Structures are given as C-alpha cells and as structure tokens.
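The primary structure of each chain is shown beneath.
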2 protein chains.
Amino acid sequence: MEDLQKRIGYTFKNTDLLTEALTHSSYANEHKAKHIKYNERLEFLGDAVLSIVVSDYIFKHCPELPEGELTKLRASLVCEKTLFEFAKQIELGKYLVLSKGERNNGGAERPSILSDAFEALIAAIYIDGGIEPASKHILNFVIPAIKNSKKKKLNDYKTALQEIIQKNPGEQLEYVLVGESGPDHNKHFVVEVHLNSNVIGKGGGRSKKEAEQQAAREALELMGY
Amino acid sequence: MEDLQKRIGYTFKNTDLLTEALTHSSYANEHKAKHIKYNERLEFLGDAVLSIVVSDYIFKHCPELPEGELTKLRASLVCEKTLFEFAKQIELGKYLVLSKGERNNGGAERPSILSDAFEALIAAIYIDGGIEPASKHILNFVIPAIKNSKKKKLNDYKTALQEIIQKNPGEQLEYVLVGESGPDHNKHFVVEVHLNSNVIGKGGGRSKKEAEQQAAREALELMGY
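Bear in mind the structure is a predicted one, so any value in this text is a computation, not a measurement.

### Observations regarding the interface of chain A and chain B
One frequently used descriptor of interface size is the decrease in accessible area upon assembly of the parts.
In step 1: At the junction of the two partners, chain A supplies 24 residues and chain B supplies 24 residues.
In step 2: Of the roughly 2,200 Å² buried between chain A and chain B, counting both surfaces, carbon and sulfur atoms make up 67%.
In step 3: Broken down residue by residue, the surface that chain A buries against chain B is led by R41(A), F44(A) and F59(A), which jointly contribute 38%.
In step 4: At the boundary of chain A and chain B, one finds two salt bridges.
In step 5: One salt bridge in this structure joins R74(B) and D47(A), with 3.3 Å as the shortest N-O distance.
In step 6: Where chain A meets chain B, there are twelve residue pairs in polar contact (both at pLDDT 80 or more).

Right, dumping it as structure tokens:
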C-alpha cells in the first residue's frame, strides 16, 4: 500500500480508507462474519467527485466549447473505458483485495472492477484530505487524457482523407510544402495536398503538421465531407 | 434580481453570472447580433456541483444506506421533477429571461426550463463564491426534501396496509392505543392494529403516529409482505 501511495503521490492520514477503496465486494462476501468494508459506497461518492473536478476543469479551460461538446468531453473522460486506462497506469489491479474466485477469474484485470476501484480511490482521497488533493490526483490523469484526445482529433483530418482515398486503388496523396515565412519563433507554413498531382486542398499553420492537417481539412470540405 | 438574491440568501459579487444563469437560449437566439450569453454552459457545470453536494451530504448523513440506496436517493434529489419543485419555491420563473415566443408558450412554467435554470443558478453561485455558498444554497432545498421523503416513507406502512385491506369489501381496520408510559419529554406509546376486532399487529414509538406505523408494519410482515 505504501507503494501505491507513492505511485499516486498522496499519503493517507487514515489508511483504512485506502483499504476500503481497494476491497471488492467479493472479498467481503467471502469473509462475511468479519463485516469487512468494501468499496461500493466510496465508488458512489468518487463518481461525483470525479464529475465536479472534470466539469470544473473543462468548463474553465475550454471556454470555446458549447454545452453539448462539454457534455460529450466529460462523458468520454469519466466513462469506464477511460477510468480503466487510468487504473492501469498505476497498476491498480495489483493492489485490489478480491475473493479467491474473483482473482482466479481475472477480476484484477476486469474493466468494471478496476474503474470502480479507481472511483473509490478518488473518494478515499477526498474524505481523507478534502477536495484539493482529490482534484490534484484526478487532474494528473485527466489533463494528459484531454491533450491526447486533442492530438488524436488533430490527426483525424489526414487520417480521414487517407482512408477515403485508399478506397480507390491507384490514387495517391501527397503533401507539398509551398510556403514558409516568419522568424523562427513565429513561423508560418503553407502546405498543399495533391491527389495524383492535382491540388485538392491548401492549408496554413505554425508547423508543417498543422498546415498539412488544414490542407487535408480543406480537401475533405471540398469533397463534401 | 435583488429580490431573487434575497430569496436565495446570496449576494453576487459579479451579477453578470446571475444574469447568464437566468437567460434562456431562446432569448439569445432572438437577439443573435448581440451575442448574449445564455445558461447552457452554466447548467452543465451546475449539474456536477449539485451532484457532489448531494452525494457528499447523503454519504455522510446516511451511513446505513448501501450504495444502491444512495444512488436511488441521489437520483430522486437531482431529477428534473425535484429541481422543478425547488425552482418553484423561489419563483424562479418570474426572473427568467426568455424570448417573447417562449414566454407566450408558457416557458417560464416549463419543468425542463426551470430545472435547467436552477442548475445554472447553482453554477453561478459556485463560480462567484466557491463551493461553500453553493453547497449552502443547495442544502437549503435538499435537506427538507430528504426529510419529506423520509416522512412519506414512514407513512407508507399504514397506507400500504390500508390499500391491501380495501380490496376485500367489508373488512375494517382500526388502530387502538393500548399503552402509554414515560414522562412528557420521553413518552412511549403502544398501539395495536385490529382487523375486524382481531389483533393483526402491535407496535411502539415516541408518538401515536409512529406506534401506528410500527403496528401496520408488523401486520404487513405477518401477512407476508
């Protein structure tokens, strides 16, 4: 458990809370007479702590997003799949307290069990130290996830264009740098995207990559996507 | 707007936030050129603030409830129907900024519009003053709602028994006080519930009502419910 506390960068005053967060109901059921606390109530609370921290962050840091986009982004950050990824980053499965049966059945790798435990861990930090450390803990995972999802979105225009063109064998895409201006700290690049040597899009940006993306985007638009 | 601030017991440092919370998208659409802010983004954030405040409160104040019951209770406290009731308590509809069309169509009384504005108002307080005043504001509504729902549940045994008995015409229920003891500040009552003069349940409590409920509960149990 000390190891886990180092991984998450938080030291519990009351380690019983950490134990509760890591204990799955299957273990409590296996040892019924002992009335062991398990993590379901903490998971209930952790879910709400996660939601306010993520909501607060994206509300303030994405002022350009309308409500619908904020809701989609929040949903993608608090869903089981994402929490499962977060849990794996700290190898949470290693620390889970499961029944023998559940462990033998691969419970320590199951997305639902790991994402629930990740939420319970959030609540344990929240009860032990308040909203500040809970928020810090959550944002350690959420901020990189938001950056990654932005990167993926940026890559999407080129990927999308490539996928469409590939459907017609023999067609070939090429990105051609046609302009470069400005001083080193404030460069501007212009790129054309060619399809079999015909220009189908042109775009500018602060890097070649960005300019290529914009060119691909224009091509997609011209093609009616 | 001063009137509303008095009603909710919170004075805004930045009243623009209050205006935004009260402005429906229909009004912004009606005056598109002015780029007026409306309450949808605040509603997004308010939803999460409401959830953490309610979750935190019931987690700490209902230690006997398992996760499933906590989830049900939270859902009942943050649903549109409940928020609509809260909004009516402060006559929020009077302060809403709607388009002419929406106002003429009864928008100021519509549950969805009022509950959304109530959530936006929560977010406005949260941004303006932090989690403390937002929490205080929310609990002003939520604590009485929890007490009411407990009261309703308490009434349920008598109502449930009555409904079962009514199915057989001619059967008659009667509650009979059979014991009363203790000093005034710590009375204990015992009540029997009779069905056609047969005792079918007996219960005790600090008030006649409570004793009747317990008697009805015992009757229901004996009848296999």
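So that's the structure; there's more coming.
### Here's the deal with the confidence of the model for chain A
In step 1: Scored by pLDDT, chain A comes out at a mean of 94, with 100% of its residues at no less than 70.
In step 2: The complex model carries a pTM of 0.75, and its ipTM stands at 0.74.

### Details of the UniProt feature "domain: RNase III" (unreviewed entry) in chain A
In step 1: Under the UniProt annotation, the feature "domain: RNase III" (unreviewed entry) is placed at residues 1-130 of chain A.
In step 2: For residues 1-130 of chain A, helix accounts for 68% and strand for 0%, while the C-alpha atoms at its two ends are 20 Å apart.

### A short note on the relation of the copies chain A and chain B
In step 1: Least-squares fitting of chain A to chain B yields an RMSD of 0.6 Å, with the superposition described by an axial translation of 0.4 Å and a rotation of 179 degrees. What the rotation and shift describe, once combined, is the action of a two-fold rotation axis.
In step 2: With an isologous cut-off of 70% or more, the 100% of interface residues of chain A that recur at the interface of chain B puts this contact in the isologous class.

### Let's talk about the pairing of strand 3 (residues 198-205) of chain B
All names here are of chain B.
In step 1: With seven bridges connecting them, strand 2 (residues 188-195) and strand 3 associate as antiparallel partners. Considered in strand 3, the bridge of V190 is made with G204.
In step 2: What sits between the antiparallel neighbours strand 2 and strand 3 is a turn of two residues, in which N196 has the positive phi angle 50 degrees.

### Comments concerning the packing of helix 4 (residues 40-61) of chain B against helix 8 (residues 111-129) of chain B
Residues and elements named next belong to chain B.
In step 1: Two numbers describe how helix 4 lies on helix 8: the axes approach to 7 Å, and their chain directions differ by 80 degrees. Here helix 4 is positioned roughly perpendicular relative to helix 8, judged by the angle of their axes. Of helix 8, the residues touching helix 4 (which contributes L42, E43, L45, G46, D47, V49 and L50) are D116, E119, A120, I122, A123, A124, Y126 and I127.
In step 2: Of the residues contributing to the contact of helix 4 with helix 8, the split by class is ten nonpolar, one polar and four charged.

### Details of the sheet that holds strand 3 of chain B
All names here are of chain B.
In step 1: Read across the open sheet, the three strands follow the order 1-2-3; overall the sheet is antiparallel. Unpaired on one side and paired on the other, strand 1 (173-181) and strand 3 mark the two borders of the sheet. When the angles between neighbouring strand axes are averaged without regard to direction, this sheet yields 20 degrees.
In step 2: Strand direction decides the pairing type here: strand 1 and strand 2, joined by eight bridges, are antiparallel. Within strand 2, the position partnered with L177 by the bridge is V191.
In step 3: Helix 10 (residues 208-222) rests against strand 1, strand 2 and strand 3 of the sheet, and its axis sits at about 135 degrees to strand 3.

Conventions we followed
By convention here, each chain's residues receive numbers from 1 onward along its written sequence. All chains are assigned letters beginning at A, and all ligands numbers beginning at 1, according to the order in which they are written. The model is predicted, so local features are restricted to residues of pLDDT at least 70 and side-chain atom pairs to those at 80 or more, both for listing and for counting; the totals for chains, interfaces and linings are taken over all residues. Excluding hydrogens and water, the side-chain figures rest on all heavy atoms present in the structure. Two residues qualify as a contact provided that any one of their heavy atoms is within 4.5 Å of a heavy atom in the partner residue. In this description, buried area is defined as the sum, over both parts, of the accessible area (probe of 1.4 Å) that is lost when the two are combined. By salt bridge we mean one thing: a side-chain nitrogen of Lys or Arg within 4 Å of a carboxyl oxygen of Asp or Glu. A 3.5 Å cut-off defines polar contacts: any pair of N or O atoms within that distance qualifies, except that in protein one atom must be a possible hydrogen donor and the other a possible acceptor, and neighbouring residues in sequence count only when both atoms are side-chain atoms. pLDDT expresses, on a scale from 0 to 100, how confident the predictor is about each individual residue. UniProt positions are given in the numbering used here, feature names are shortened, and annotations may be inferred rather than shown by experiment. Going along the chain from the N terminus, every DSSP run of H or I of four or more residues is numbered as a helix, and every run of E of two or more is numbered as a strand. Fitting of the copies onto one another was done by least squares over C-alpha atoms, counting residues only where both copies have pLDDT of at least 70. Note on pairing: DSSP must find at least two bridges between two strands before they are called paired. Angles shown run from 0 to 180 degrees and are taken between the N-to-C directions of axes, each axis being a line fitted to C-alpha atoms and, for helices, limited to the stretch in contact. Note that the term roughly parallel is reserved for angles under 35 degrees, roughly antiparallel for angles over 145, roughly perpendicular for angles of 65 to 115, and oblique for everything else. Following the grouping adopted for this structure description, the nonpolar residues are Ala, Val, Leu, Ile, Met, Phe, Trp, Tyr, Cys and Pro, the charged ones are Asp, Glu, Lys and Arg, and the polar ones are all others, Gly among them.

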